[in-house]
Amino acid sequence: MNAQNNNLEIEILQEISTVVVHERNIHNIIDSILDILSRTMEMHRATLTLCQGDTLQIEVSRGLDDSEKKRGIYHLGEGITGRVALSGESLCVPDISKDKYFLNRTGAHKKNEHTAFICVPIIRMERIVGTLSVERPSADPEQLKKDQKFLEIIGNLAAEAVAARQLEQEEKEKLLKENESLRSKIESIGSPGKLIGNCRSMQALYEQIRQVAPTDATVLIRGSSGTGKELVASAIRQLSPRKDKPFITLNCAAIPEELVESELFGHEKGAFTGAISQRIGRAEAAHTGTLFLDEIGDLAPSSQVKLLRFLQEKTFSRIGSNEEISSDVRIIAATSRNLESLIDEGKFRLDLFYRLNVFPVHIPDLSKRRCDILLLAEHFIGKYNLRYGKNVKRISQPAINLLYAYEWPGNVRELETCIERAVLTCSNDSINSYNLPPSLRSDASGPTGDDFADPSDFKTLVANFERELIIDSLEKNKGNMSAAARELNLSPRVIHYKIGILNIHPDLYSKDN
């Protein structure tokens, strides 16, 4: 019988050794070891834990479901597993139902279950990296002692793989922390939220956002229509402690004057004609979060009084009710109007202005940050490539000149619409000047345009098209007119003629430039 047992143990060790030597995936090695043990030994359950600081957590198991495995966390010195990891000495419990140290942390054992538990340390270079434990039917002490010794040998064989797995886990944790740290640094250095721009005025705006975002101070965002005031509000919220709380928006200009108060503070059933049920207002819905009041300059004087009281007291009443309701909200307001002029005209309350203007933020017009035009255009090209299944990769130089020459009265919103149209009408991988709206071509003048008086004239459009094709070819061929002529299937005489009448300078596209 002993000879038979010895042969079985040798076979098990040989099989485990083969796995350790030939398998490269650490997780597969540990999995295979438990598979071999469960197949060859009379085993109910088996677990392999990894040391992670002063705790041990089940890494691989057999006979446990996912929820039981997740509960298998032990502190050093806690229970049998924790004692083995702390002392570095294996333990054998003949009957877990009679042992006070057995915790049943996983909850897998039934009451009065008579099972033997063997736990051995996994040691590499005199350092405990984990434990290996099995549960098997109770047996005589001599057999359990042999199983304990045998499990110690298996633990030694697995030590290298377990140590590697532990190192892998530690490196993963380290990378996650570094990733989080880098993300924080990027947020503190780069543009917050979805804002795009690198010019000096935008960098100053980003700094203001980072200064005010962690606080609960009221912010007043000022800027022309289309500059991205809601994006700034969203960026402030994203960097604030309220980032995971509600973000509620109310456009004061889009709602009729008689409905603003109801939208903002809500109403009770029957409060007015048409109030068929109770309605919660935006101020109440934004509780613990952020309330963004867009176009605050269009708020009616009667609603301004109610808003001022809410800003002062942080309480309000629904229309048709006398009940005072508290709401913990952070207020961000925005306007494209000149509030100072409205105050002089008696259309905007001075005391409300003071309450809102705690931390003013100004967004520059696109015409004041022309160096960001190309950056924004490329962003919108990527956006609409995805939406419309296009593959636009570049903007031609004449088209870029038009983008820079235009005044952009509609700011970033107008630029986005312009690029969307260009992507839709583009038939190749390059946006050309004729893909841009006529308003841009008619607005261009001087050298930044195409040097023709009327862009809507047929001859001018043809000349613009020819000029753009020749310039594109010269750019590709580093100013070489002969190569450009071959590409365009033109004779040298024709291309020289076209270059002359279209006022093109090939030397601008040479290698040296």
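Residues numbered from 1 in each chain as written. Predicted model: local features only at pLDDT ≥ 70, side-chain atom pairs only at ≥ 80, totals over all residues. Heavy atoms only, no water.

Backbone hydrogen bonds are what pair the strands of a sheet, in a parallel or an antiparallel way. Strand order in this open sheet of six strands is E3-E2-E1-E6-E5-E4, and the pairing throughout is antiparallel. Here the strands that pair on one side only, and so sit at the sheet edges, are strand E3 (73–75) and strand E4 (91–93). When the angles between neighbouring strand axes are averaged without regard to direction, this sheet yields 20°. The strands that helix H4 (residues 79–87) touches are strand E1 (45–52), strand E2 (55–62), E3, E4, strand E5 (115–124) and strand E6 (127–137); relative to E5, the one it contacts most, it runs at about 30°. (Pairing = 2+ DSSP bridges. Helix = DSSP H or I, 4+ residues; strand = E, 2+ residues; numbered from the N terminus. Axes fitted to C-alpha atoms, helices over the stretch in contact; angles between N-to-C directions. Contact = heavy atoms within 4.5 Å.)

The subject of this paragraph is the packing of helix H18 (residues 481–488) against helix H19 (residues 492–501). Following both chains from N to C, one finds H18 and H19 inclined at 105°, their axes separated by 9 Å at the closest point. Taken together, the axes of H18 and H19 lie roughly perpendicular to each other. Listed contacts from H19 to Met-481, Ala-484 and Ala-485 of H18 are Ile-495, His-496 and Ile-499. Looking at side-chain class alone, the contact of H18 with H19 contains five nonpolar, one polar and no charged residues. (Parallel < 35°, antiparallel > 145°, perpendicular 65-115°, else oblique. Nonpolar A, V, L, I, M, F, W, Y, C, P; charged D, E, K, R; others polar.)

Right, let's talk about the pattern of salt bridges for a bit. One side chain can pair with another of opposite charge once the charged atoms of both are near each other. The final tally for this structure, using the stated rule, is 22 salt bridges. A salt bridge links Arg-136 to Asp-147, with the nearest nitrogen and oxygen atoms 2.4 Å apart. Residue Arg-136 is located in strand E6, and its partner Asp-147 is located in helix H5 (residues 141–189); the two are separated by 11 residues in the primary sequence. A single burial state applies to Arg-136 and to Asp-147, both of which are buried. Salt-bridge contacts for Arg-242 lead to Asp-328; the nearest nitrogen and oxygen are separated by 2.8 Å. (Salt bridge = Lys/Arg side-chain N within 4 Å of Asp/Glu carboxyl O. Buried < 20%, exposed > 50% of the residue type's maximum accessible area, 1.4 Å probe, protein only.)

Not every positive phi belongs to a glycine, and Asn-104 is a case in point at roughly 55°. When you line up the elements, Asn-104 lands in the loop between E4 and E5. Phi is positive for Lys-478, close to 55°, though the residue is something other than glycine. For Lys-478, the position within the fold is in the loop between helix H17 (458–476) and H18. The class for Lys-478 is partly exposed, based on a relative accessible area of 47%.

So, on to helix H8 (residues 257–265). All of the buried residues along H8 are Val-260, Ser-262, Glu-263, Leu-264 and Phe-265. The first or second residue beyond H8 is Gly-266, which carries a positive phi of 85°.

Between its first and last C-alpha, helix H13 (residues 373–388) extends 22 Å over 16 residues, near the 22 Å set by a 1.5 Å rise per residue. Three or more residues of H13 are buried, namely Ile-373, Leu-376, Ala-377, Phe-380, Ile-381, Tyr-384 and Asn-385. Buried residues along H13 sit in contact with strand E16 (394–395), helix H14 (397–405), helix H15 (411–425) and strand E17 (430–431). One or two positions beyond H13, positive phi appears at Gly-389, with a value near 65°. (Expected span 1.5 Å × (residues − 1).)

Purely spatial values, then, with no claim about function.
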